[in-house]
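Structural features, examined
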Amino acid sequence: MKKKGTSLLVSLATVSLVLAACGGGNKSGGNDASKDNGKENVDKSLFPIETSNDKDAIKGGTLNVALVSDSAFKGIFSQEFNDDAYDSKIFQFNVEPLYTYDDNFAITNDGPTEVKFDEKAKTATITIKDGVKWSDGEALKAEDIAYTYEVVGHKDYDGVRYDETFKNIVGMEAYHEGTAKTISGITIKDDQTVVIEYQEVSPAMLNAGGGIWSGVLPKHNLKDVPVKEMAASDQIRKNPVTLGPFKVSNIVAGESVEFVPNEHYYKGKPKLDKVVLKRIPSDSIVASLKAGEYDVALSMPTDIYKSYEDLENTTILGREELSYTYIGFKLGTLDKEKGEVVTDPKAKMADVKLRQAMAYAVNNDEVGEAFYSGLRQNATTLIPPAFAGYHDKDLKGYTQDIDKANELLDEAGYKDVNGDGIREDKDGKPFEINFASMSGGEVAEPLAQYYIQCWEEVGLKVVLSTGRLIEFNSFYDKVKADDKDIDIFQAAWSVGTDPTPTGLYGRDSEFNFSRFATKDLDKLLKDITSEKSFDEEYRVKAFTAWQEYMAEELPVIPTLYRYETLPVSNRVKNLDWHYGATQWQNVELTAETTEK
């Protein structure tokens, strides 16, 4: 079956873009969009990564920060209970991890603690530096670190962090199951030293986020709060006690947060008097920046880049995101009692040829050019290029090939029985795929419709789940709950500073939203985290094998690698946006007000 190619007219607020991406038989993907929209794509090499303001700083001042989001934020000030990128962008001002990392994401000892890893003993020794205090003046203690593991490992913990990383600690599973009152593999040596023993060790532990948990909870502030009530407690959401350079002074739930300096911060009092963060919708942010209302814009949309690239009062920083956009297939459910994924061989999207055909039907290079000014590009694997040592650059992934898509669907038995141009299922019955996609921003709707049209070009009827785009928080609630009205979904992952994929795709990971698990996948993930992977050559091969397997089985389609921008007003000084380098206590202002 083969349909005639058509073009998709996408109307945006400032420009009309014609996408010819769904043209029948187009195998190369082409670059038609960049020609049709009349725009040149952005030269990403020209973005600075830090401010270059050499003017004299004023004393104090208020930094006005915008969080660009079309949905209210949750406001969870805890690494242990947070599960979305917006909150993590907010709490970077007041929540500080136990250790820092360098530009290769390797753990360093420049933070509140020193971490020593003993490969032979299979232990990590965490030593708190002298003088490190919580924002209420209480000293950070080893018991706080141990308590954090007890919270995450508790049977009533309802967050998403209890996975293989925590189960790898000696005695953790016995504690979680209630057969032990303590975690035998965690030993408090003294007030400033805790030793954690692991069942297995891997080189990932040398990386930030790679196995040695970086978060910490204040036991003195939370010990009377039941674990099952902790995520919703005032101690987490309204009056958090934290380690970062600032502390929360006022919160308007979902809308704004005011921070003041943490006078107990171990690196010294910050130079700003206050940080005021407000949520602002994406359709208002450019006008607000132009009016000088904000100094920094977090989560700035790149789909509207052309509307803010020439702001005279702003410098735009840029960097590769440690993330990717993807389309996921619902292939099973999460057994919450067992805490593991159960893949359903009879799921609607279970046929791998169907999944591969849907990947071949779309042109993501053209999406990146037309919708994002070239600031996004076709994703080929589930390891972003920022992790150059492990990203498989030889894996080509999926580029548009309409003929191949049709061939795969024919082979799988999805055929147009009645001649209406839409394929029926393998039994000749009507076949409809429910597609969940998030609302927010100018291109959310046209992008979703673009994918729907591309799939229609190969005879697949795809409709929006609920009949419309879904608000951010509701979207993830539905995806996490394995809503029966969702067959496929479009989302994104921030992979953090460790590329090890177990936390996103492991059998016991709640983040494994596609609910795909096989014995082969278990083995491939174990190879990446095994002791053999201390041999770098073995580790690279293990990453490559996993990427190839996921590209073949395709429980998710990696769609776009992302480049992010950070508009910063010209009065901001000493803001370094290199990964691991941003230290808000050093940021200063060179004028009382922001330029307009």
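Check the entry above for the structure.
So, here is what we can say about the structure in this document.

Definitions and cut-offs
Residues numbered from 1 in each chain as written. Predicted model: local features only at pLDDT ≥ 70, side-chain atom pairs only at ≥ 80, totals over all residues. Heavy atoms only, no water. Buried < 20%, exposed > 50% of the residue type's maximum accessible area, 1.4 Å probe, protein only. Helix = DSSP H or I, 4+ residues; strand = E, 2+ residues; numbered from the N terminus. Polar contact = N/O pair within 3.5 Å; in protein donor to acceptor, adjacent residues only side chain to side chain. Contact = heavy atoms within 4.5 Å. Core = buried A, V, L, I, M, F, W, Y, C linked by side-chain atoms within 4.5 Å. Pairing = 2+ DSSP bridges. Axes fitted to C-alpha atoms, helices over the stretch in contact; angles between N-to-C directions.

1. Here's the deal with helix 10 (residues 352-360)
Helical periodicity: at 3.6 residues per turn, an α-helix aligns residues three or four positions apart in one direction. Within helix 10, seven of the nine residues are buried, which leaves the element mostly enclosed by the surrounding structure. Those residues of helix 10 that fall on the buried side of the exposure criterion are L354, R355, Q356, A357, M358, A359 and Y360. Backbone nitrogen of K353 and a side-chain oxygen of the N-cap are separated by 2.8 Å at the start of helix 10; the cap is D351.

2. Topic: the side chain of R539
Mapped onto the elements, R539 comes out in helix 17 (residues 536-553). Among residues more than four places away in sequence, those in contact with R539 are P203, A204, Y390, D498, T500, I528 and S533.

3. Quick word on the nonpolar core
The tendency in soluble globular proteins is for nonpolar side chains to be buried side by side. Grouped together as the largest cluster of nonpolar side chains are 81 residues, with contacts concentrated most on M358, W455, I488 and W546. In terms of residue count, the dominant contributor to this core is helix 13 (residues 444-457) (eight residues). If near-sequence neighbours (up to four positions away) are discounted, M358 is found in contact with F329, M349, I433, W455, L460, V462, I488 and I557. In terms of nonpolar packing, the next biggest core, distinct from the first, is built from 45 residues, L98, I126, Y162 and L243 among them.

4. Quick word on the sheet that holds strand 6 (residues 113-118)
Strand order in the open sheet formed by four strands is 6-7-9-8, and the pairing between neighbours is antiparallel. The open sheet is flanked by strand 6 and strand 8 (186-190), the only strands paired with a single partner. Shown here is a sheet whose adjacent strand axes are inclined to one another by a mean of 20°, direction ignored. Two strands pair when backbone bridges link them, and strand 6 and strand 7 (residues 123-128) are joined in this way by six bridges, in the antiparallel orientation. Counterpart to E114 in the pairing with strand 7 is T127.

5. What to know about the environment of R279
Tracing the sequence through the fold places R279 in strand 12 (residues 274-280). Sequence-wise, R279 and V151 are 128 residues apart; in three dimensions their C-alpha atoms are separated by 30 Å. Setting aside residues no more than four positions away along its own chain, R279 makes contact with L67, S69, D70, S71, A72, F73, G254 and E255. There is a polar contact of 2.7 Å between the side chain of R279 and the backbone oxygen of S69.

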